[in-house]
Amino acid sequence: MDLPDKLSRRRFMRLAALSAGGIYLFSRCAGPTAEWRFFTSSEARLMDALADQIIPPDEWPGGGESGVTNFIDKQLTGPFLRFQSEYRKGLKGIQDSSETLYHQRFENLNWKEQTSFLELMEAGKMNEPVWADGFDLKFFGLIRDHSMQSYYGSSRHGGNRDNISYKMLKLDYPFIVGQNRYKS
Amino acid sequence: MAGKSILHKILILAIPLFLIVSIGFGLFYGYWNSASPKKTCASCHEISASVEMITQSAHRNLACKECHGTALSNGVNSLREKGMMIINHIKGVADEDVKLNEVQILGVMDNCTRCHKTEQARWLSGGHSARYQDIFLNAKHNKTEQLNFDCLRCHGMFADMSIGNIVEPLDTTGPWKFKINSVSARPVIPCLACHQIHLAGMPQPRPDYSNPQNLFYGRITSNSLVSFYTRHDKIHVSAGNLPILKLWEGVRLVKVSSDPIMRNCIQCHAPNAGHQAGTSDDRTPRGVHEGFSCITCHDPHSNNARQSCNKCHPAISHCKIDVKTMNTSFLNRSSPNNIHWLSCTDCHKGGRRK
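Model, not experiment: these values are computed from the prediction.

*Asks:* Provide a residue-level description of the overall build of chain A, including the pertinent values.
*Replies:* In terms of regular secondary structure, chain A is built from eight helices and zero strands. In chain A, which comprises 184 residues, the proportion classed as buried is 32%.

Given below as C-alpha cells:
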C-alpha cells in the first residue's frame, strides 16, 4: 500500500512544477510583442515594395499603402499557413538576387530596376539556384494573386484598408439597398 | 479484492490530482482576472490591434473582462471561445478577430448601459429598441413581405443563425412562431449595431484653458462614435468610411448630406437598388429640407423629432405661421405632405398657401 503514496507524492511534485511552469510560461507572453505576425520587419519592408510594384500607387493608394503586407502576414498565420515556407524562401531569394544583380536590397532599387527585376521573375528567367524548377514564376504568381486578393477583397481579411478599392471602383460598401417593398 | 484495491489506488491518485488541478487552475484563474490586462489578455499578439485601439479610446480604463467576461462568466460559450484562443495560439494560427455570439453581445450591451443610462432610456423610447417578437411576429408585415435572409441585416445583425432557424414558416401565410423562444425578447438593434467599442482614433482632448478663445479651433474632427455592423462580413465599418448615398429623383441627383451619422442611417433606411428617392425605406430629405442630415431633426437614440422644428424655425415663421401647425406629416400621419420631402409648392400653390 505504500506504492500509491510514493507515486502521489511524485505526481504532486510534478504537477506542482507543471502548474508553476504554466503560470510562468503565460507570464512570458507578456514580453514585447512583434510588429508582424509572420514577417520580420525586413521582410515586411520588402513586401511593401513588391505590393507597390504589383499595384502601383496613382491617385489612389497602391498595394503597399492599402495593406497588402498586413493581409498576407495575417493570412500566413491562418488560411495561408501552407505558404509560409514559400514566402520565407522567396523573399530571401529576392533579396539575395537583388544583392547579386544590383548590390542593393530590392526596396532600395529605383522603380524601373524593381520592375525589370520582377519582369524577369514573371518570365521565369531568374538564374540563381534558389529559383530552380520555376520557383521564380511560381512565387511571382503567388505574390500577385495574394496582392489582388488583398486589394479587392473584404477589409476584414486585413487588406483593402478603408475599403480603398471599393471607393476607387465607386462601389458602395456596405451595399445600400432597401428591402422594404410595401407601403404601410 | 483486486478490484477494490485498484479502485482504492485510483481514488488515492485521483483525489490529490483533482485538488492539485483545482488549486492550480484557481491560482491561474485568479491571476488572470486580477492582473493588469497588459500581462494577460493584451499580452497575446493575436489581439494586439484590438488592444491598441482600446488603449487609445474613451474606454481605455475598462479591463478586457468587463466586456468580454472571463472564461467562466458566460458558461459554455466563453469556455469554448477562450479555449479556442489558447488552442489556436499554441497551433500558431492567428485568432485576432475576436467574435462574440449574440448572447455575449447582449452581455456587452448590459455593460454599456451601466454608464450610458441616458442613451439607453432614449433608445428604449424609440423604434430601434424593437425586439425579435416585435419584428418577426408582426402579422401585417409578414403578410406583406416574405421573410428572407436579408431581414437580419438590419433586424438581428448579431443573430447566430439564419432566418429559417429563427422563425417559421418563411412565407406570407403564417401563423408565424419562433423556432427558438429564447430569442423573442432580445433586441434586434443593440448598441453594437451602430457602435464599435474598439474605436480607431483618439478621444477628444481636454481644452486648453490657458487660451479659451482658441477652444473651437483646438477641436479635432472625429467620426468614430458611430460604426455600422455589417452582418455579411461580421465587421464594423466606421461611419466616416460608409458610402454617401447617391439618390435620384427621376433623373435629378438629390443633394444628400455627407454627415457620417446619416450614412449609418441610410444603411438600413435605404432606397431600392436603383436608388430612386422615396422607394423602399428611403426617407432622405428632399424639397425644403434637402441636404439635411437625419440627425438635424431626429435624436440618434430615440429617433424623436418632436422638438426638431424649433431648431431652425422661429415660433412664428416668415409667413407668420407656426410650421408645426402646417398640414404636414409632422402634424398628421395621414397628411399628403410628407415632412421628409415637403416642397414649397405643396402649401404655396401659386404663391399662396392652400
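Structure's up, so let's keep going.
*Asks:* Outline the overall build of chain B, supporting the account with residue identities and numerical values.
*Replies:* Helix and strand content of chain B: 14 helices and eight strands. On C-alpha atoms alone, chain B measures out to a radius of gyration of 27 Å, which is more than a quarter above the 20 Å that the 2.2 N^0.38 rule sets for 354 residues. Over its C-alpha atoms, taken along the principal directions, chain B stretches across nearly 110 × 70 × 35 Å. The 354 residues of chain B split such that 25% are buried. For chain B, restricting intrachain contacts to residue pairs at least 6 apart in sequence, the fraction spanning at least 24 positions comes to 57%.

*Asks:* Now, about the domain arrangement of chain B: what can you tell me, with residues and values included?
*Replies:* All names here are of chain B. Examined at the domain level, chain B breaks down into domain 1 (43-98), domain 2 (117-193) and domain 3 (224-353). The C-alpha centroid of domain 3 is placed 25 Å from the C-alpha centroid of domain 2. Each partner contributes residues to the interface: domain 2 has 13 residues there, and domain 3 has eight residues. Those elements that place two or more of their residues in the side of domain 2 that touches domain 3 are α6 (117-124) and α9 (151-154).

*Asks:* Lay out the nonpolar core in plain terms, naming residues and giving numbers.
*Replies:* Here is a general trend for soluble globular proteins: nonpolar side chains tend to be buried in one another's company. Membership of the largest hydrophobic core comes to 38 residues, with the highest contact counts inside it found for Met157(B), Phe228(B) and Ile266(B). Only α5 (102-115), α7 (132-136), α9, β3 (227-230) and α11 (260-266) of chain B provide two or more residues apiece to this core. Counting residues per element, this core draws most heavily on α11(B), at four residues. Apart from residues lying up to four places away in sequence, Met157(B) is in contact with Leu152(B), Ala193(B), Tyr229(B) and Arg231(B). Phe71(A), Phe117(A), Leu118(A) and Met121(A) belong to the second-largest nonpolar core, a separate cluster that totals 27 residues.

*Asks:* I'd love a proper account of the environment of Cys294(B), names of residues and values included.
*Replies:* Residue and element names in this part refer to chain B. Positionally, Cys294 belongs in helix α12 (residues 294-297). Spatially, the C-alpha atoms of Cys294 and Asn337 are 18 Å apart, while their sequence positions differ by 43 residues. Residue contacts for Cys294: discarding those within four places in its chain leaves Met262 and Cys265.

*Asks:* Provide a residue-level description of the environment of Gly127(B), including the pertinent values.
*Replies:* Residues and elements named next belong to chain B. Structurally, Gly127 is set in the loop between α6 and α7. On the basis of neighbour counts, which here come to 10 C-beta atoms within 10 Å, the residue Gly127 falls in the exposed class. Note: C-alpha distance between Gly127 and Ile189 (62 residues apart in sequence) is 9.5 Å.

*Asks:* Can you tell me about α5(B), naming the residues and giving the values?
*Replies:* All names here are of chain B. An ideal rise of 1.5 Å per residue puts 20 Å on 14 residues; α5 measures up with 21 Å between its terminal C-alpha atoms. Inspection of α5 places Gln104, Ile105 and Met109 among the buried residues, and these make up the whole buried set. Down the axis of α5, the smallest arc covering the buried residues is 150°, so these residues share one side. Away from the buried face of α5 by more than 90 degrees, exposed residues Asp110 and Arg114 are located. Here the buried face of α5 lies against α4 (75-91).

*Asks:* Kindly report on helix α6 (residues 111-123) of chain A, identifying the contributing residues and their values.
*Replies:* Residues and elements named next belong to chain A. The first and last C-alpha atoms of α6 sit 18 Å apart over 13 residues, in line with the 18 Å expected at 1.5 Å per residue. Buried residues of α6: Phe117, Leu118 and Met121, and no others. For α6, the buried positions fall inside an angular range of 90° around the axis, keeping them on one side. Residues of α6 that are exposed and angled more than 90 degrees away from the buried face: Lys112, Glu119 and Ala123. In this structure, the buried side of α6 is in contact with α2 (41-54), α5 (84-102) and α7 (135-152). Trailing α6 by a residue or two, Gly124 shows a phi angle of about 70°, which is positive.

*Asks:* Would you mind going over the packing of α2(A) against α7(A) in detail, with residue names and values included?
*Replies:* Residue and element names in this part refer to chain A. Two elements in contact, α2 and α7, have axes whose closest approach is 10 Å; the angle formed by their N-to-C orientations is 80°. Judged by the angle between their axes, α2 and α7 are roughly perpendicular. For the pair α2 and α7, contact is made by Leu50, Ala51 and Ile54 and by Ile143, Arg144 and Ser147, respectively. Looking at the contact of α2 with α7, its residues break down into four nonpolar, one polar and one charged.

*Asks:* Any details on the pairing of β3(B)? Residues and values, ideally.
*Replies:* Residue and element names in this part refer to chain B. Relative to strand β4 (residues 235-238), β3 runs antiparallel, the two being bridged by four bridges. Each residue of the ladder has a partner; that of Thr230, found in β4, is Ile235. Following β3, the chain reverses through four residues before pairing antiparallel with β4; Lys234 in that reversal takes a positive phi of roughly 55°.

*Asks:* So what's going on with unusual backbone geometry? Residues and values would help.
*Replies:* Between Glu168(B) and Pro169(B) the backbone carries a cis peptide bond, its omega angle lying at -5°. With respect to the secondary-structure elements, Pro169(B) resides in the loop between β1 (167-168) and β2 (177-178). The omega torsion of the bond from Gly174(B) to Pro175(B) falls at -10°, within 30 degrees of zero and hence cis. Phi at Lys170(A) takes a positive value of approximately 60°, unusual for a residue other than glycine. One can find Lys170(A) in the segment after α8 (164-168). Positive phi, normally seen in glycine, also occurs at Ser280(B), with a value near 45°. Locating Ser280(B) in the fold gives a position in the loop between α11 and α12.

*Asks:* A description of the packing of α2(A) against helix α4 (residues 68-76) of chain A should follow, citing residues and the corresponding values.
*Replies:* All names here are of chain A. Here α2 crosses α4 at 125°, and the two axes come no closer than 8 Å. It follows from the interaxial angle that α2 and α4 lie oblique. Judged by the twist between their axes, the crossing of α2 over α4 is right-handed. Judged by residue contacts, Ala44, Met47, Asp48 and Ala51 of α2 engage Val68, Thr69, Ile72 and Asp73 from α4. Considering only residue class, the contact of α2 with α4 consists of five nonpolar, one polar and two charged.

*Asks:* Explain the environment of Ile176(A) residue by residue, including any values.
*Replies:* Following the sequence through the fold, Ile176(A) ends up in the segment after α8. Setting aside chain neighbours within four positions, we find Ile176(A) in contact with Pro243(B), Leu245(B), Ile266(B), Gln267(B) and Ala270(B).

*Asks:* Describe the confidence of the model for chain A, with residues and values.
*Replies:* In this model, chain A carries a mean pLDDT of 87, and residues with pLDDT of at least 70 account for 79%. With pLDDT under 50 throughout, residues 1-5 of chain A is counted as low confidence; its partners more than four residues away or in other chains account for three contacts.

Parameters and conventions
- Residues numbered from 1 in each chain as written.
- Chains lettered and ligands numbered in written order.
- Predicted model: local features only at pLDDT ≥ 70, side-chain atom pairs only at ≥ 80, totals over all residues.
- Helix = DSSP H or I, 4+ residues; strand = E, 2+ residues; numbered from the N terminus.
- Buried ≥ 20, exposed ≤ 12 C-beta atoms within 10 Å, placed from the backbone.
- Rg over C-alpha atoms; globule rule 2.2 N^0.38 Å.
- Contact = placed C-beta atoms within 7 Å.
- Domains from an automatic or database assignment.
- Core = buried A, V, L, I, M, F, W, Y, C linked by C-beta atoms within 7 Å.
- Expected span 1.5 Å × (residues − 1).
- Arc of directions from axis to C-beta.
- Axes fitted to C-alpha atoms, helices over the stretch in contact; angles between N-to-C directions.
- Parallel < 35°, antiparallel > 145°, perpendicular 65-115°, else oblique.
- Nonpolar A, V, L, I, M, F, W, Y, C, P; charged D, E, K, R; others polar.
- Pairing = 2+ DSSP bridges.
- Left-handed = near helix turned anticlockwise from the far one by under 90°.
- pLDDT = per-residue confidence, 0-100.

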